[in-house]
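# Close look at the chain arrangement
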Amino acid sequence: MPEDTTASRLRLAGLCFLLQILTIILFAVFVRYSPEGSSSPCSQQLNCSWKNRDLGFQHPRFRHVHLQALLGFGLLVAFLGRYGPGSVAISILVVAFAIQWAVLIQGFLYFFLNGKIYVGAQSMVSADFCTAAVLISSGALLGRVNPGQMLLLTLLGVTLFSINEYILLSLMGISDGGGCLTVHTFGAYFGLMVSRILHQPHADKRNEQQDMGHQPDVFAVLGTISLWIFWPSFASATTVHNNAEPWAVLNTYFSLAASTLAAFVLSPVLYEESTLRMVQIQDATLAGAAVMGMAGEMLATPFGALIAGFLAGLIPPLGFRFLTPVLHSRLKTQDTCGVHNVHGLPGILGALLGTLLTALATADAYGGRLELVFPLVAQGSRTATDQALCQLCALPVTLLLASLGGCLTGAVLKMKGLRSPPDPRYLENPRLREVAEEGGDRRASRKEPSTSTLV
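Residue indices begin from 1 for each chain and proceed along its sequence in written order. Selection of residues for local features in this predicted model requires a pLDDT of at least 70, selection of side-chain atom pairs for listing and counting requires 80 or more, and totals for whole chains, interfaces and linings are taken over all residues. Where side-chain values are given, they derive from all heavy atoms of the structure, hydrogens and water being excluded.

### Details of the packing of aromatic side chains
Selection criterion: Two rings from Phe, Tyr or Trp (for Trp, the six-membered ring) form a pair when their centres are within 6.5 Å of each other. A pair whose planes differ by under 30 degrees is stacked, one over 60 is edge-to-face, and the rest are tilted. We count a stretch as a helix when DSSP gives it H or I for four or more residues in a row; a strand needs E for two or more, and each element gets its number in order from the N terminus. Three labels apply to residues, based on accessible area from a 1.4 Å probe with only protein chains included: buried if under 20% of the type maximum, exposed if over 50%, partly exposed otherwise in between. We call a charge positioned over a ring when the NZ of a Lys or the CZ of an Arg lies within 6 Å of the ring centre and within 35 degrees of the ring normal.
Enumeration according to the criterion identifies 12 aromatic pairs in this entry. With 6.1 Å between their ring centres and 20 degrees between their planes, Phe 97 and Trp 101 make a pair best called stacked. A residue pair is termed a helical-turn pair when its members lie 3 or 4 positions apart in one helix, as Phe 97 and Trp 101 do in helix 3 (residues 84-110) at four residues. Residue Phe 97 is classed as buried on the basis of its relative accessible area of 7%. According to the relative accessible area criterion, Trp 101 is buried, its value standing at 12%. Ring centres of Tyr 110 and Tyr 166 lie 5.9 Å apart, and the angle between their planes is 55 degrees; this geometry places the pair in the tilted category. A residue pair is termed long-range when its members are at least 10 positions apart, and Tyr 110 in helix 3 and Tyr 166 in helix 5 (residues 147-171) qualify at 56 residues. The exposure class of Tyr 166 is partly exposed, given its relative accessible area of 28%. By the ring-pair criterion, three or more aromatic residues cluster together here, those being Phe 30, Phe 108 and Phe 112. The ring of Trp 247 carries Arg 369 above its face, with NZ or CZ at 3.8 Å from the centroid.

This is how it looks when you write it as structure tokens:
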């Protein structure tokens, strides 16, 4: 066992070294800073032309997005008492590599001009969105993959995310500024499919005891507060134009508020606890953020955002109570952090809401904003109905790419040379080595809601 542990550490060190050397070489050959004051050579669908943005407003949003990716995600995976500190460390590892790799992959797709990739604040925001999708995927695998496998998951996940995003935004021309499909839905079902491929019947039958100290709720409090502070900026980072009213910010705030109340409405009915746990509020808050990913920049209206947020807030308690046990027992898919209930299903709901709002879009209602939200409709290339059909078709395209990509990634991670045997010394160590808990079966038996999820 010590020899296996030593070999695992050396493999991780070697993989980190090789990947970093590779990215340094690629950066040296291709990556340059975008000239100040010039138009960034990226596609119109990403809304990343510097001429269409207020630079003083963009850079604070870049900081908020980066803080959400680092601070928010780190805190929101620390709820597991046994794996909390280790999961934060792995999240930082994923963020550190994913940003570099995303700059390269997305640069070749969007920012490539005259043989060079020109990067600026907006390319870093796009890289953070990509990182968020990978972190969501890792939530389904927390405790079941080693750090080396997590790096390979990041490598393949970033590439597949960028391909899916390019198909949806550039080829299909859909509007998804907050990442409802590209980040939440793709990230959730990509991770779930990898989890299914990595399923090990005998290993997954272990029934470990979870640390029930105060750490989970403390970190859930901090994570939820960071969501309220930074997520509206995260959701609107690619949608705010000049002095236009920040609909994405307002809609997201309304959705967060309504989803939080939904947790207080439904959780006491489904569970016998006298006091609502903080992780339940965190789950509902995340669902409210996910549902506004596509519809946030659209004319959802304040009451529409409240309705959408409230419905999204009902999904996590229902999902953890009824769907998670089915995923685990029938579909053989373990979802450690519940990304299916907190990102996947709310993402699908948000896509359907965005489709409805797109079909109702008119020039009278949107005014000059129509060109910013639906440029092809404003130009007369599409009708609102055609745009709505494209928005709807983007959902099965995302699910298909996430499923196929997850199968491919799972097969790679399952290769014999990448799997490290369980080490009993790490059962109480924060390093990620083994399954943290039985998921749905344990929650159902204890009549307790999920212990939250990644953003």
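### Examining the confidence of the model for the chain
Rules: A score between 0 and 100, pLDDT records how confident the predictor is in each residue. Two residues form a contact once any of their heavy atoms are found within 4.5 Å.
This prediction gives the chain a mean pLDDT of 81; 76% of its residues lie at or above 70. Counting contacts from residues 206-214, a segment whose pLDDT is below 50, to residues more than four positions away or on other chains yields 25 contacts. Note that residues 421-455 has pLDDT below 50 and, in this model, 143 contacts with residues that lie over four places away or in other chains.

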